[in-house]
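Topology and contacts: notes
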Amino acid sequence: MIKLKTVDEIARIRDSCMLLNDTLEELVRMVDVGVTTSELDRFARDYIVRHHGKPAFLGYEGYPASLCASVNQVVIHGIPDKRRLKEGDILGLDLGVDLGGYISDAAYTIGVGRISPEANALLEITKDCLRLGVQQAVPGNRIKDISAAVFARAHAAGYGIVRQFCGHGVGFSLHEDPQIPNYVGPGPNPRIKNGMVLAIEPMINLGVDEVEILEDGWTVQTVDNSLSAHFEHTIAILEDRTEVLTVHPNGSRL
Ligand code: MF3
Ligand code: CO
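All values reported here derive from a predicted model rather than from experimental measurement. Per chain, residues are indexed from 1 in the order of the written sequence. Here chains are named by letter from A upward and ligands by number from 1 upward, in the order in which they appear as written. Only residues with pLDDT of 70 or above have their local features reported here, since the model is predicted, and side-chain atom pairs are shown and tallied only from 80 upward, although totals for entire chains, interfaces and linings are computed over all residues. Note that the side-chain values use all heavy atoms of the structure and ignore hydrogens as well as water.

We now examine the layout of surface pockets. Only protein atoms enter the 1 Å grid, on which a cavity is a set of points fitting a 1.4 Å probe that cannot get out and a pocket is an open set with protein on both sides within 12 Å along at least 5 of 7 lines, lining residues being those with an atom within 4 Å of a point. Grid points are joined across faces, edges and corners, and a volume is the space filled by probe spheres set on the points. Approximately 440 Å³ is the volume attributed to the largest pocket. Helix numbers and strand numbers start at the N terminus; a helix is a DSSP run of H or I with at least 4 residues, a strand a run of E with at least 2. At the level of elements, strand E7 (167–169) and strand E8 (176–180) are the ones that each hand at least two residues to the lining of the largest pocket. With three residues, the single largest contributor to the lining of the largest pocket is E8. In the scheme used here, Gly and all other residues not listed as nonpolar or charged are polar, with Ala, Val, Leu, Ile, Met, Phe, Trp, Tyr, Cys and Pro taken as nonpolar and Asp, Glu, Lys and Arg as charged. Split into classes, the residues belonging to the lining of the largest pocket amount to 10 nonpolar, seven polar and six charged.

Shown next, in the form of structure tokens:
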């Protein structure tokens, strides 16, 4: 069941997104060669709590951290650890905030130091997938218009498109209906309506589509160990426009 949000509820979700935006911006400032992802995780948790929020991922279905930190071939749900980031890594930062019961969700992938041209192209095109998906998120369109736009851009580039995980409704809880796949498959195709709050999140690989979950039960990585990128925004469908509620650390809402 899709839970539509009122203008007042969207205002509360917007506040949650603002705390998320500030936290992500600080995290990106900290990323450097030699930094560990657990240092980033601890900062994120402390920053969110200091600003009266709760990390939305911590304890969610048993997830053990506040941040997902996905390095190189890790697609999503990388658990922060003591390994140090090195020059040329790409790091996916995925974070959720609960502010007064209102949930936001965003992800951003950045390079550590200088990265290869191939890695850079992957980041740019995945970002573009998100932008094109968001552009389709307008009243009257359907969810699969978002999916098709994301898919077309990644497919044209020859990249792998992750099937097992998708975007989702968000706001009252972390994962609500509808599901928003990054490809067009069978399944429901609801019309996009005023009051929907959606998390759109392309997960795109330099190699094949297929991913596997590691023994820890969380880490998702590409089966061919190719690099993977992940960008996510929380957006709200308003009566007359679509508002991107999260802002990426480069200042972009798209
Ligand atoms: N942004 C991810 C998602 O939408 C993060 C979930 S991580 C979890 O699914 F730990 F909370 F599950
Ligand atoms: Co999400």
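Moving on to the sheet that holds strand E11 (residues 211–213). The strand order E3-E12-E11 describes an open sheet built from three strands, whose pairing is antiparallel. Here the strands that pair on one side only, and so sit at the sheet edges, are strand E3 (74–76) and E11. Neighbour-to-neighbour, the strand axes of this sheet turn through a mean angle of 40°, independent of strand direction. What makes two strands pair is DSSP finding at least two bridges between them. Note on geometry: axes are lines fitted to C-alpha atoms, helical ones only across the stretch in contact, with angles between N-to-C directions running from 0 to 180 degrees.

Note on aromatic pairs: the rings of Phe, Tyr and Trp (six-membered ring only in Trp) are paired at centre separations within 6.5 Å, and the planes decide the class, stacked below 30 degrees, edge-to-face beyond 60, tilted for the rest. Overall, the coordinates contain four aromatic pairs when judged by the stated rule. Seen in terms of ring centroids, Tyr63 and Trp218 are 4.9 Å apart; in terms of plane orientation they differ by 80°. Their pairing is edge-to-face. Taken together, the residues span a long stretch of sequence, with Tyr63 in the loop between strand E1 (54–55) and strand E2 (67–71) and Trp218 in the loop between E11 and strand E12 (220–222) at a distance of 155 residues. Here Tyr63 and Trp218 have matching classes, each one buried. When the ring centre of Phe172 is taken as reference, the NZ or CZ atom of Lys5 above it lies at 4.7 Å. Over a ring means this: the NZ of a Lys or the CZ of an Arg is within 6 Å of the ring centre and within 35 degrees of the ring normal. Stacked on the ring of Tyr183, the Lys or Arg Arg163 has its end atom at 4.7 Å from the ring centre. Each residue's exposure class comes from its accessible area (1.4 Å probe, protein chains only) as a fraction of the maximum for that residue type: buried when under 20%, exposed when over 50%, partly exposed otherwise.

Any N, O or S atom lying within 2.8 Å of the metal counts as a donor, with the limit raised to 3.2 Å for Na, K and Ca; because water is left out of the atom set, some sites can appear incomplete. Within the first shell, the cobalt ion (ligand 2) binds the protein through Asp105 (OD), His168 (NE2), Glu201 (OE) and Glu232 (OE), at distances of 2.1 to 2.2 Å. The motif formed by the donor residues of the cobalt ion (ligand 2), counted along the single chain, is D-x62-H-x32-E-x30-E. Placement of the pair is Glu201 in the loop between strand E9 (197–200) and strand E10 (203–205) and Glu232 in the loop between strand E13 (228–230) and strand E14 (233–237), with a sequence separation of 31 residues. Judged on exposure class, the residue Glu201 and its partner Glu232 are both buried.

This part covers the site of ligand 1. Tyr63, Asp94, Asp105, His168 and His175 are the nearest of the 13 residues found near ligand 1. In the analysis that follows, any N or O atom pair within 3.5 Å is treated as a polar contact, provided that within protein one partner can donate a hydrogen and the other can accept it, and provided that, for residues neighboring in sequence, both atoms belong to side chains. In this structure, His168 approaches ligand 1 through a side-chain N or O atom, which is 2.8 Å from an oxygen atom. Take Glu232: an N or O atom from its side chain is 3.1 Å from a nitrogen atom of ligand 1. Residue exposure ignores everything except the shown protein chains as possible cover, and the areas themselves are Shrake-Rupley values with a 1.4 Å probe. When the free accessible area of ligand 1 is taken as 330 Å², the share hidden by the protein chains comes to 95%. Just a note on the criterion: a molecule sits in a pocket or cavity if more than half of its atoms are within 2 Å of the grid points. When each cavity is represented as a set of grid points, ligand 1 is found to reside in the largest pocket. Counted by class, the shell around ligand 1 contains six nonpolar, three polar and four charged residues. The cutoff for a nearby residue is simple: one of its non-hydrogen atoms must lie within 4 Å of the molecule or strand.

Any functional reading would require information that these geometric values do not contain.
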